[in-house]
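Residues per chain, in single letters:
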Amino acid sequence: MSSAPPPGLDPERLRGLLDRERPGLVNGPLSGRLIEGGRSNLTYIVTDGTRRWVVRRPPLGHVLATAHDMKREHRVISALHPTAVPVPEPVLLCEDDSVLGAPFYVMEFVPGTPYRTAEQLAPLGPGRTRSAVLGLVDTLVELHAVDPEAVGLGDFGRPAGFLDRQLRRWGKQLAASRGRELAGIDELHAALGRELPTSPAATVVHGDFRLDNVLIGDDDRITAVLDWEMSTLGDPLTDLGLLVMYGTPLDVPGSVISTTATAAGHPDPRELVERYAARSGRDVSSLAWYTAFAWFKLAVILEGIHYRYTLGQTVGAGFDRIGELVPVFIEHGLNTLQEG
């Protein structure tokens, strides 16, 4: 662990809070480091030399817009921890900005590996890779089987009109980042609007459910589902559509999108869907819509990144390639809808 604390973390103040709220938990001075990954919120590993915890907080300088995320994330893992869904055990939520400069929460550290690419999965071999990905489907079935009312999440979202709102929301995102002509994207958006399916009963949805948002243990089982910042009550098939999209090999060299679909042993999307349907009992006959929506949503996200890149507002490598990915996602979306 580094001697100088990373930005956004004050180990001494954190220790003071933990000593007050959870006396006896910490047995020495705390040190911490920032870990990479996650959509926008910052994640740190903190240790007293013997035990480890994880701290989640909003990004530096963006406190107000995402302040409520911490409460939502802490609320959903607190509700799910007693269920069959593997999530880290929550330790505390702090909404007092004076400790770290923003609301944050602390949870137990869970060992495991997030697999982001086919290359990272390669050492596992085909059999273990297959087992890990099928476990992802089984965990999604467990999540969607949780009764929101029974775990205190009955008011965690607005399920009525969920798909319509999602489609409008991503349409607005697209309008906000239009810097060039994109063949087919308006056609895809309109077709999705015309063919809106009837949602099944609402469940807790993760919102970004994929292999690199879970930790896999040494036994190839999922030890924790992470990154709940997009979670809400809504249509469970949106999670499955996204999983199918990420399970489709992308014919793009040097892709910056984290997909593990080309790993040896990775089950194909059809098998993922059949397993989900068999284990959940849900009707998946309209899944083509949900998968096409996932392609559309990712196309919009990538176009937003490309737009910021053209304005010189991105930091880091790989952003110059994102623009050429967008048409691939649009084409996949249109093909998925047409083929049904």
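Residues numbered from 1 in each chain as written. Predicted model: local features only at pLDDT ≥ 70, side-chain atom pairs only at ≥ 80, totals over all residues. Heavy atoms only, no water.

Empty space among the atoms becomes apparent when a probe as large as a water molecule is rolled across them. Under the counting rule described, the total for this entry stands at 2 cavities of 30 Å³ or more. Its volume calculated, the largest cavity comes out at about 120 Å³. Looking at the largest cavity, it is lined by 15 residues, and the ones nearest its centre are Arg210, Leu211, Tyr246, Thr260 and His266. Residue assignment for the lining of the largest cavity shows that the elements contributing at least two residues are α5 (125–145) and α8 (237–246). Counted by class, the lining of the largest cavity contains 7 nonpolar, 5 polar and 3 charged residues. Roughly 30 Å³ of volume is contained in the second largest cavity. Lining the second largest cavity are Met245, Tyr246, Thr248, Leu250, Ile257, Thr259, Trp295 and Phe329. (1 Å grid on protein atoms, 1.4 Å probe; cavity = no way out; pocket = protein on both sides within 12 Å on 5 of 7 lines; lining within 4 Å. Points joined across faces, edges and corners; volume = space filled by probe spheres on them. Helix = DSSP H or I, 4+ residues; strand = E, 2+ residues; numbered from the N terminus. Nonpolar A, V, L, I, M, F, W, Y, C, P; charged D, E, K, R; others polar.)

The subject of this paragraph is the environment of Lys172. Within the secondary structure layout, Lys172 lies in helix α6 (residues 162–176). Spatially, the C-alpha atom of Lys172 lies 9.6 Å from that of Val300, the residues being 128 residues apart in sequence.

Below, the discussion takes up helix α9 (residues 269–280). Across its 12 residues, α9 extends 16 Å between first and last C-alpha, which sits within 8% of the 16 Å expected from 1.5 Å per residue. If you check which residues of α9 are buried, you get Pro269, Leu272, Val273 and Tyr276. Each buried residue of α9 sits inside an arc of 95 degrees when the element is viewed along its axis, so together they form one side. For α9, the exposed residues lying more than 90 degrees away from the buried face are Arg270 and Ala278. In this fold, the buried residues of α9 make contact with α5, α8 and α10 (287–310). At the C-terminal side of α9, Gly281 shows a positive phi close to 75 degrees. (Expected span 1.5 Å × (residues − 1). Buried < 20%, exposed > 50% of the residue type's maximum accessible area, 1.4 Å probe, protein only. Arc of directions from axis to C-beta. Contact = heavy atoms within 4.5 Å.)

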